[in-house]
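Chain by chain, the residues run as shown.
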Amino acid sequence: MLRQQDVGHRIVVRRIVGIREGRPQFSDALGELVELSETHLTLATAQGQLRVPVAQVHRAKRVPPTRRPTAAAVVALERAADEAWPAPTRGRLGDWLLRSAEGWTGRANSALPIGDPDRPLAAAVDAVERWYAERGQPALINTPLPLAAPVGAELDARGWGTRPPTLVQTAPLPLPASTPAGGQADLWGGAVVELAAAPSDEWLAIAAGRKGGLPDAARHVLTAVDQVRFAHVYADGALVAVGRGTVTGQGRWLGLSLIEVVPAVRRQGLARRVIHELASWGVSGGATHAFLQVEQRNAAAVALYQRLGLVTHHTYLTRVAPN
């Protein structure tokens, strides 16, 4: 049976659709798992969304994607994502990137091993370990899969740990209209989303609460992008939702990040409003596709993004050097 970790992945479901002559009749459905609850599962198929009661599910399992992106496509998207989240301290090992931002977020404090490190693999990992040790930081390496599988094998042999998988999800722009999940209200369909070239102090406070502080390096990560917008939604004078959009990758990619709604007004449509407004801004700037990065275990966020048309392009693992 499926688990929450399968949300965001391609699955096949065999369901019972009737009984004939005392025997169950089955039908198969194939698509992206959008939502999984105790009573229903929802998948996005080529014919549209399909909601299946768990009681009707005879068998369900994850299956491989229809096709994997090319290595060149993964490299291009990873470089666009790096541009959208720029660490202030940077180094290189051949094509590999080394990044540091006072420990603020894994993405901005990890090596990105794509391309040729201009030395044998073992020597490249040694150099990564030294670079981070010189800065008093734990060594982290983000390994896009399956592109960086050889790097992962080397790290396995060295006893490196692994953080939860992250999905890199994409969608063509403009994004399709979306509807709330079953049981959710949509009270903010007319919410005014204000886009600004710089974040307000209240915006930064929400980001700090989500990310556990906001050092000087974090402000660089957030703002040091040529094309960037910060979404603000206010209610009764208080900031209740935020988001960040960037356009990178030679103008192709809209990057979505820090989509956050204060707890009191969650599950009411605000996140969708913020995302659609940032997507409209990205289209006006020439972006043709959107991307975001979300932990696989964040089932609620993955389900929301699936309803907005985002699908998993590839995954990455953040690998952590042993103490």
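All figures in this text were calculated on a predicted structure; none of them were measured in a lab. (Residues numbered from 1 in each chain as written. Predicted model: local features only at pLDDT ≥ 70, side-chain atom pairs only at ≥ 80, totals over all residues. Heavy atoms only, no water.)

(A) Structural view of the overall build of the chain. Along the chain, the regular secondary structure elements total seven helices and 16 strands. Here the C-alpha atoms of the chain give a radius of gyration of 21 Å, agreeing with the 20 Å that 2.2 N^0.38 yields for 323 residues. Based on the C-alpha atoms only, the size of the chain along its principal axes is roughly 70 × 55 × 35 Å. Evaluated residue by residue, the chain yields a buried proportion of 50% over its 323 residues. In the chain, the share of contacts with a sequence separation of at least 24, taken over all contacts with a separation of at least 6, comes to 67%. For the chain, the accessible surface area stands at approximately 15300 Å², while carbon and sulfur atoms represent 50% of it. (Helix = DSSP H or I, 4+ residues; strand = E, 2+ residues; numbered from the N terminus. Rg over C-alpha atoms; globule rule 2.2 N^0.38 Å. Buried < 20%, exposed > 50% of the residue type's maximum accessible area, 1.4 Å probe, protein only. Contact = heavy atoms within 4.5 Å. Areas by Shrake-Rupley, 256 points an atom, 1.4 Å probe, with all protein chains shown as cover.)

(B) Broad picture of the packing of aromatic side chains. With the rule as written, the count across this model stands at four aromatic pairs. Both rings, one in W131 and one in Y132, keep their centres 4.8 Å apart while their planes meet at 80°; by these two values the pair is edge-to-face. Of the two residues, W131 and Y132, both sit in the buried class. Here the aromatic rings of W253 and F291 are separated by 6.1 Å at their centres, their planes lie at 80°, and the arrangement is edge-to-face. Of the two residues, W253 is situated in strand β14 (residues 253–261) and F291 in strand β15 (residues 289–295); the sequence distance between them amounts to 38 residues. Taken individually, W253 and F291 each receive the classification buried, so the pair is uniform in this respect. (Phe/Tyr/Trp six-rings, centres within 6.5 Å; stacked < 30°, edge-to-face > 60°.)

(C) Region of the structure containing the side chain of E78. Summarising the element assignment, E78 is placed in helix α1 (residues 71–84). The buried charged residue E78 lacks any salt bridge, with R99 as its nearest oppositely charged partner at 5.9 Å. Other than its neighbours up to four places away in sequence, E78 contacts L112, I114, P144, V168, H314 and Y316. (Lys, Arg positive; Asp, Glu negative; His and termini not counted. Salt bridge = Lys/Arg side-chain N within 4 Å of Asp/Glu carboxyl O.)

(D) Expanded view of the nonpolar core. L41, V233, L254, L270, I275 and Y305 are the most contacted members of the largest nonpolar core, which has 47 residues in total. The element contributing the most residues to this core is helix α6 (residues 270–284), with seven residues. Beyond its immediate sequence surroundings of up to four residues, L41 is in contact with L2, V13, L33, E35, L36, L50, R51, V52, V54 and V57. (Core = buried A, V, L, I, M, F, W, Y, C linked by side-chain atoms within 4.5 Å.)

(E) The pattern of salt bridges, seen in detail. In this structure the tally under the stated criterion is 12 salt bridges. For the salt bridge of R135 with E134, the shortest nitrogen-to-oxygen distance reads 3.6 Å. For E134, a relative accessible area of 62% gives the class exposed. Where salt bridges share partners, they join D126, E129, E154 and R158 into one cluster.

(F) Region of the structure containing the sheet that holds strand β4 (residues 48–53). With respect to topology, five strands assemble into an open sheet ordered β4-β3-β2-β1-β5, the strand pairing being antiparallel. Every interior strand has two partners, whereas the edge strands, β4 and β5 (57–62), have only one. The mean inter-strand angle of the sheet, taken between neighbouring strand axes irrespective of direction, is 35°. When strand β1 (residues 10–20) meets β5, the two strands line up antiparallel, connected through five bridges. Residue pairing in the sheet places I11 in a bridge with R62 of β5. (Pairing = 2+ DSSP bridges. Axes fitted to C-alpha atoms, helices over the stretch in contact; angles between N-to-C directions.)

(G) Spatial organisation of unusual backbone geometry. With an omega of 0°, the peptide bond running from L145 to P146 counts as cis. Examined against the element boundaries, P146 turns out to sit in the loop between β8 (140–145) and α3 (149–157). With an omega dihedral of 0°, the bond running from L173 to P174 counts as a cis peptide bond. Following the sequence through the fold, P174 ends up in the loop between β10 (166–172) and β11 (194–196). Although it is not a glycine, D118 sits at a positive phi angle of roughly 65°. With respect to the element layout, D118 can be found in the loop between β7 (96–100) and α2 (121–134). In this structure D118 comes out as exposed when scored by relative accessible area, which is 59%. Positive phi outside glycine occurs at L258, with the angle close to 50°. Along the chain, the position of L258 falls in strand β14.

(H) Main features of the environment of R297. Structurally, R297 can be placed in the loop between β15 and α7 (299–307). Spatially, the C-alpha atom of R297 lies 6.9 Å from that of Q4, the residues being 293 residues apart in sequence. Within the structure, R297 has its side chain in polar contact with the side chain of E295 (distance 2.5 Å). (Polar contact = N/O pair within 3.5 Å; in protein donor to acceptor, adjacent residues only side chain to side chain.)

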